[in-house]
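A closer look at the structure
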Amino acid sequence: MSSTRQPAATDAGPDRAPAGVAVLGVDIGTSSSKGVLVATDGRILARAQRDHRVDRPRPGHVEMDGRVWWREFVELCRELATGVPVGAVGVSGMGPCTLLADAAGEPLRPAILYGVDTRAQSQIAELTRRYGAEAILERAGSALTSQAVGPKLRWLAEHEPDTVAAARRLFMPSSYLVWRLTGEYLLDHHSASQAVPLYDTRGHAWWAPAWRDLAAGIEPPALRWSDEIAGAVTAEAARVTGLPAGIPVITGTIDAWAEAVSVDAHQPGDLLLMYGTTMFLIDTLDAGAPPLTAPPLWGTVGVYRGSRNLAGGMATSGAITGWLRELVGGDFGTLTAAAEASGPGANGLLMLPYFAGERTPVDDPRARGTLTGLTLSHTAGDLYRAALEATAFGVRHNIEAFTAAGARIDRVVAVGGGTRGGLWSQLVSDVTGLAQQVHTHTIGASYGSAYLAARAIGDASIRAWNPVAGTVTPRAELRADYDELYRLYLELAAGTAPVAHALADRTTRRLDTPPTRGLATPATGGRGDPATGGPDERGARDPRPPG
């Protein structure tokens, strides 16, 4: 685990206290926790980060110790909340996650993470039969997929019954931080709407029959909107964190939705692209519109009261570029320059970005990454270019699913670490044919959470805080090339699926088969997964390619 403290952004002025108070925003992400101290006029005073790794105990299982969330939050507070009076706290985190805790809020096991954890496939099938696919869609807004919480609760009941018997609380990262800060047990409506099938997206309430069936011993958390005040920092939390006792803490939400807040991508027709360890897409529906259900995309309620979204997410994006960087060496800047020199089509390479299965629009946990066209003349720059183009093709595949479902896309807004350097976002525009607005601050969820905290204690405008800094426009001369490559991408996905499934099933069988008596488990030499022969599965990769 590493610590980095960054100076204030150059446009924010000197790193000194403004008149009045500041607000603190903290986001618990897949590969790091980030904190930002912001003046109430939107100027960034300081940033800090704690890097961490998720655990992958076996293929398809992705977990994290929830106690790390609180420990890193405390460290960020201690580092940032010094010298400037903090008036409110905003929180967000990856999700939907499944962290079971006892009545005192102590975690009973590591949290099962969002759709990148694909362990509950048989439970998804069983519960879909039990409730009926149409009934789930009508009530919950989304089909049961690896993103859903309900099947993971059923998996735990079947495989860890003692844990479930002891569970009295269900947390996600933001709600766990709220609990530790305020003692309030609650969850925001948006996060709840991703806890499929436990929440009724039409009635904005827990769906009692599903809750009794899947979480009978767990108390349902109270529901609040993301921008509502959850409670106040307790004396004990103040002692531990250094925050002032009594200041308000907002309810918070899932990180991608806080990222959308940070760049004002909550107007009808806005599509957010979040460049990170995974790629998220969030489209905001017309005000007052009925829920839009289009499996395997996710129909959710929004951050603000009355808002609705259609959303999707790829299982990997920045995770692939981080993996490649570790594999071939070098830094992101060097690799990005080499990828730019490689040119469209990566000198004949085509990649499928299904390195952890795929979420939307494929909904296939048994999909696998593929690299086609390799020759002895290919370079690291070609590999890196192929990875960036693969994620761009995945974004186009998702956008086509959005428009086919009836979603309106008037404006595309890019945010996240992947927007730095320019090449990655440029390739997404080239492949999709869509321009993307980039705002002054692209640090994302922690900044969005800080903004919601500022709104809780006074007037604040995100358009004033974070204006548009530029637009990435598609290069028309590359459109024909990328149309052809996208067609080949879809053909490659369809043509290799049977082999990918067979390999995935073979790996699962090997893991489920006890080792022969008298034979040792194959050694890994300290690196690599013995079941797959692939890279060590313990950690998510750095999500921050500058291109």
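Before going into details, it helps to say that this report is about the structure given with it. Keep in mind that what you see is a predicted model, and the values were worked out from it rather than measured.

A few words on the overall build of the protein. If you tally the helices and strands in the protein, you get 17 helices and 25 strands. Burial statistics for the protein: of 547 residues in total, 59% are counted as buried. Contacts spanning at least 24 positions in sequence make up 75% of the contacts within the protein whose residues lie at least 6 apart. When the accessible surface of the protein is summed, it comes to about 20000 Å², and 52% of that surface belongs to carbon and sulfur atoms.

So, about the pattern of salt bridges. Going through the model one piece at a time under the given rule, you end up with 29 salt bridges. Of the charged contacts, one joins glutamate 79 and arginine 50 as a salt bridge, the two residues approaching to 2.8 Å between their closest N and O atoms. With glutamate 79 in helix α1 (residues 66-80) and arginine 50 in strand β4 (residues 44-51), the pair connects residues that are 29 residues apart, well separated along the chain. For the pair glutamate 79 and arginine 50, one class covers both residues: buried. As a salt-bridge pair, arginine 119 and glutamate 63 come within 2.9 Å of each other at their nearest N and O atoms. Of the two residues, arginine 119 sits in the loop between β8 (111-112) and α2 (121-131) while glutamate 63 sits in strand β5 (residues 63-64), which places them 56 residues apart along the sequence. Both residues of the pair, arginine 119 and glutamate 63, belong to the buried class. Connected via shared salt-bridge partners are Glu63, Arg109, Asp117, Arg119 and Glu160.

Before going further, it helps to spend a moment on the sheet that holds strand β23 (residues 411-415). Overall, mixed pairing links the seven strands, which are arranged β19-β20-β18-β17-β23-β24-β25 in an open sheet. Because the sheet does not close on itself, it has two edges, and the strands there are β19 (298-301) and β25 (468-472). Pairwise comparison of adjacent strand axes, ignoring direction, gives a mean angle of 30 degrees for this sheet. Lying on the sheet, helix α14 (residues 423-432) is in contact with β17 (270-275), β18 (279-284), β24 (436-439) and β25; it crosses β17 at an angle near 140 degrees.

Another aspect to go through is the environment of glycine 433. Its place among the elements puts glycine 433 in the loop between α14 and β24. The residues contacting glycine 433, other than those within four sequence positions of it, are Val428, Pro474 and Arg479.

Of all hydrophobic cores here, the largest spans 81 residues; its most connected members are Phe73, Leu113, Leu181, Leu198 and Leu243. In terms of residue count, the dominant contributor to this core is α1 (eight residues). Contact partners of leucine 181, with chain neighbours within four places excluded, come to Trp70, Phe73, Val89, Ala232, Val233, Thr234, Ala237, Thr241, Leu243 and Val249. Counting residues in each nonpolar core, the second largest holds 50 residues, with Ala386, Leu388, Ala407 and Tyr482 among its members.

Attention shifts here to the environment of arginine 169. For arginine 169, the location among the structural elements is in strand β9 (residues 169-171). Along the backbone, arginine 169 and proline 221 are 52 residues apart, and their C-alpha atoms lie at a distance of 7.7 Å. A polar contact of 2.9 Å, which involves the side chain of arginine 169, links it to the side chain of glutamate 219.

Criteria and thresholds
Residues numbered from 1 in each chain as written. Predicted model: local features only at pLDDT ≥ 70, side-chain atom pairs only at ≥ 80, totals over all residues. Heavy atoms only, no water. Helix = DSSP H or I, 4+ residues; strand = E, 2+ residues; numbered from the N terminus. Buried < 20%, exposed > 50% of the residue type's maximum accessible area, 1.4 Å probe, protein only. Contact = heavy atoms within 4.5 Å. Areas by Shrake-Rupley, 256 points an atom, 1.4 Å probe, with all protein chains shown as cover. Salt bridge = Lys/Arg side-chain N within 4 Å of Asp/Glu carboxyl O. Pairing = 2+ DSSP bridges. Axes fitted to C-alpha atoms, helices over the stretch in contact; angles between N-to-C directions. Core = buried A, V, L, I, M, F, W, Y, C linked by side-chain atoms within 4.5 Å. Polar contact = N/O pair within 3.5 Å; in protein donor to acceptor, adjacent residues only side chain to side chain.

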